[in-house]
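Remarks on the overall topology
Here is what each chain is made of, one letter per residue.
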Amino acid sequence: MSFLLKFQQSIQHHNLFSTKDQLLLAVSGGVDSVVLTDLCFKAGYQFTIAHCNFQLRAEESEADEIFVRSLGEKYQVEVRVRRFDTEQYAAEHKLSIQEAARVLRYDWFEELINEKLLAAQPVFLHPDSFSVLTAHHADDNNETLLMNFFRGTGLHGLTAIPVSYGHIKRPLLSFTKQELLAYAEEHELKFREDSSNSSSKYTRNFFRNEIIPAISKVYPQVKENLTDNINRFKEIERLYHFSTQLLIKKLCRVKGNEIHIPVKQLMQYNNRALIYEIIHPYGFSEKQVDELQKLAASESGKFIDSPVLHFRIVKNRHWFIITP
C-alpha cells in the first residue's frame, strides 16, 4: 500500500476532514511539514500554508521563511506568514521559549480560522469546514507520553497528543519520523534542517536526543512499545470516563442549583479519582480531594471553597452539598 493511500485512509478512519474542507497547513519548512504539504496536494485537498517566524535563529529563521514561501509557488497556494518577537513575549508572560512559541502559534491559527469564517459570509459554512493541520508524528507522540509521565499529568497525559482537538487536526500522528524521511527521499522533497533540533537544552529535544536513545539500548522496541501503550491508555481513559460517569449519576442528586452527595456512600468507594471527577467541574483542584476527605469527618456547617469558580462544598449532616 502506498504512503499516500495510507495517509488518506488514516484521515477517513479518524474522520478528520474531506476534500470539500478548507485546510490551513502549519508549515515550518522541516521534513514533517513538507511531507504533509506534498501529501495534501497529491490527495487533492484545498489548503493555505501558514508559517510562523519566531525570529529565534537569526538568518536561519529568515531562510526558513523564504523556503516556505517558495513552497507556495511550487504548489500554487496562498502562504500566510506571521513574525513574532518570541523572546519578548516569553519574558513578559514569564513563559519558557517553547511554551511562548506554542501559545503564539495556536493563537494565530485561531485568528486565521476566524478570519476565514468571516470571509465566508454571507455564504454559510460550518465552522468544522475549516481545519488547521499540524505535522506531529508518532515520534512526537512518544516523546509527549514520556514528558507527561515524568511531569505527573495523570491518565489523560498518558494518551499523549490527540489526533483531533477542535480545529486542530494531526493526520501524520500514526506515521514515524523514519517513514516521513523515507517519503521525502523517495519523492526528492527539499526541506530545511532546524539546527536547534540537535541541542538538548529544550525539554523535548532532551527526550528525543538523550532519553529515548538510552532506553532503546535496553529495550530496542521502545518506540513501538510506547505507541502501543498510548493506544492502550486511550482505551483505558474511555472506559474510565464511562465508569466514573455512571457512578456520578448514581451518587449525585440535582436539587435546584445544588448537587447533593451522600457522604457515607461516596467515602465507601475510598477512591480519590472518583472524588476528583465529581468536584473538578466546579473548579476544585486535585489537592482539595484531601480537604474533602477531612470534611467528611467534620461537623455540619463546615465547608471548602473553589479557588477559581464561585462554588462551595458544604457538609450538611450526612450530605455534601455543592452550591453556588
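Okay, so let's go over this structure. (Residues numbered from 1 in each chain as written. Predicted model: local features only at pLDDT ≥ 70, side-chain atom pairs only at ≥ 80, totals over all residues. Heavy atoms only, no water.)

In space, the five strands of this open sheet follow the order β7-β8-β11-β10-β9, with antiparallel pairing throughout. In this open sheet, the two strands that pair with only one neighbour each are β7 (253-255) and β9 (303-305). In this sheet, adjacent strand axes meet at a mean angle of 20° when their direction is disregarded. Pairing of strand β8 (residues 258-262) with strand β11 (residues 319-323) involves four bridges; the strand directions are antiparallel. What sits directly across from Ile259, in β11, is Ile322. (Pairing = 2+ DSSP bridges. Helix = DSSP H or I, 4+ residues; strand = E, 2+ residues; numbered from the N terminus. Axes fitted to C-alpha atoms, helices over the stretch in contact; angles between N-to-C directions.)

Our next topic: unusual backbone geometry. One non-glycine residue, Asn15, adopts positive backbone phi at about 50°. With respect to the secondary-structure elements, Asn15 resides in the loop between α1 (3-13) and β1 (22-26). Exposure remark for Asn15: the relative accessible area of 67% places this residue in the exposed category. One non-glycine residue with positive phi stands out, namely Lys94, at about 55°. Looking at the secondary structure, you find Lys94 in the loop between α4 (86-92) and α5 (97-119). (Buried < 20%, exposed > 50% of the residue type's maximum accessible area, 1.4 Å probe, protein only.)

Here we come to the layout of surface pockets. In this structure, the second largest pocket spans a volume of roughly 390 Å³. Lining of the second largest pocket is provided by 15 residues; of these, Gly154, Leu155, Tyr240, Tyr276 and Glu277 occupy positions nearest its centre. Mapped by element, the contributors of at least two residues to the lining of the second largest pocket are α9 (222-251) and α11 (272-279). Ranked by residue count, the leading element in the lining of the second largest pocket is α11, at four residues. Partitioned by chemical class, the residues of the lining of the second largest pocket number five nonpolar, six polar and four charged. (1 Å grid on protein atoms, 1.4 Å probe; cavity = no way out; pocket = protein on both sides within 12 Å on 5 of 7 lines; lining within 4 Å. Points joined across faces, edges and corners; volume = space filled by probe spheres on them. Nonpolar A, V, L, I, M, F, W, Y, C, P; charged D, E, K, R; others polar.)

Pairing between side chains of opposite charge can happen when the charged atoms of each approach one another. Applying the stated criterion across every chain yields a total of 20 salt bridges. Here Arg69 makes a salt bridge to Glu65, at a shortest N to O gap of 3.2 Å. With Arg69 and Glu65 both in helix α3 (residues 59-75) and four residues apart, the pair spans about one turn of that helix. Judged by relative accessible area, Glu65 falls into the buried class, the value being 9%. For Arg208, the salt bridge is made with Glu143, and the minimal N-O distance between the two is 3.0 Å. Taken together, the residues span a long stretch of sequence, with Arg208 in helix α8 (residues 203-218) and Glu143 in helix α6 (residues 138-151) at a distance of 65 residues. For Glu143, a relative accessible area of 3% gives the class buried. One continuous salt-bridge network, built from bridges that share partners, spans Arg57, Glu60, Asp64, Arg192 and Asp194. (Salt bridge = Lys/Arg side-chain N within 4 Å of Asp/Glu carboxyl O.)

With that settled, consider the sheet that holds strand β2 (residues 46-53). Strand order in the open sheet formed by six strands is β3-β2-β1-β4-β6-β5, and the pairing between neighbours is mixed. Each edge of the open sheet carries a strand with a single partner, namely β3 (79-83) and β5 (164-165). Pairing of β5 with strand β6 (residues 168-169), which is carried by two bridges, proceeds in the antiparallel orientation. Opposite Tyr165, over in β6, you have Ile168 as the bridge partner. Packing against the sheet, α3 makes contact with β2 and β3, and its axis sits at approximately 170° to β2. (Contact = heavy atoms within 4.5 Å.)

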